[in-house]
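Here are the chains, one letter per residue:
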Amino acid sequence: MIWFLFAIGVLWIMLGTFMVCTTQDMRKHYFDKLKAQNPRRWSVLAIPVGVLLLLAASSSSQVTFIVILGLISLAKGLLFLFAPVEKARKITDWWFEATDKIHKVAGVATIVLGMAVLATIVH
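Small disclaimer: the values here were computed from a predicted structure and weren't measured.

**A closer look at the overall build of the protein**
Looking only at helices and strands, one finds 6 helices and 0 strands in the protein. Each helix and strand of the protein, placed in order from N terminus to C terminus, yields the pattern α-α-α-α-α-α. A compact globule built from 123 residues would reach a C-alpha radius of gyration of about 14 Å, and the protein, at 15 Å, matches this within 12%. Reported as C-alpha extents along the three principal axes, the dimensions of the protein are approximately 40 × 35 × 20 Å. Each of the 123 residues in the protein was classed as buried or not, and the buried ones make up 33%. In the protein, of all internal contacts separated by at least 6 residues, the share reaching a separation of at least 24 is 82%. Carbon and sulfur atoms make up 73% of the accessible area of the protein, which amounts to about 7500 Å² in all.

What follows is the structure, given as structure tokens:
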């Protein structure tokens, strides 16, 4: 499962870099498309990622850190799946309406998380 930790780490670094460097383009091209979707559709991605993170935790030197990330992803997926659509929409609307500064800070945090995941991989 080292491959999954590597893929998630690189993906988060790329996504964070995109969030920091091209905030306006991200809003225009991605957020507008995601905003129109039902938030329940996102649970299809978050739940498997959470399960795979839990399974990959043994390939990490920081098992607890990866398990926590997996549990957060599972919780997010279950929230979007079982919460009333209005509540899930409120959460996603907050994110889509956030300022550029918040998106840039989230991008930096995503880069740091990606680097942390890569740093925990045990060869």
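Read on, since the account is not over.
**Observations regarding the pattern of salt bridges**
Under the criterion given, the structure shown has 2 salt bridges. R27 is the partner of D100 in a salt bridge, and the nearest nitrogen-oxygen pair spans 2.8 Å. Of this pair, D100 sits in helix α6 (residues 100-119) while R27 sits in helix α2 (residues 23-35), placing them 73 residues apart in sequence. For D100, a relative accessible area of 25% puts it in the partly exposed group. K35 is the salt-bridge partner of E97, the closest N and O atoms lying 2.3 Å from each other. Taken as a pair, E97 in helix α5 (residues 85-97) and K35 in helix α2 lie far apart in primary sequence, 62 residues in all.

Quick notes on the rules
Residues numbered from 1 in each chain as written. Predicted model: local features only at pLDDT ≥ 70, side-chain atom pairs only at ≥ 80, totals over all residues. Heavy atoms only, no water. Helix = DSSP H or I, 4+ residues; strand = E, 2+ residues; numbered from the N terminus. Rg over C-alpha atoms; globule rule 2.2 N^0.38 Å. Buried < 20%, exposed > 50% of the residue type's maximum accessible area, 1.4 Å probe, protein only. Contact = heavy atoms within 4.5 Å. Areas by Shrake-Rupley, 256 points an atom, 1.4 Å probe, with all protein chains shown as cover. Salt bridge = Lys/Arg side-chain N within 4 Å of Asp/Glu carboxyl O.

By themselves, these observations are geometric and do not establish any function.
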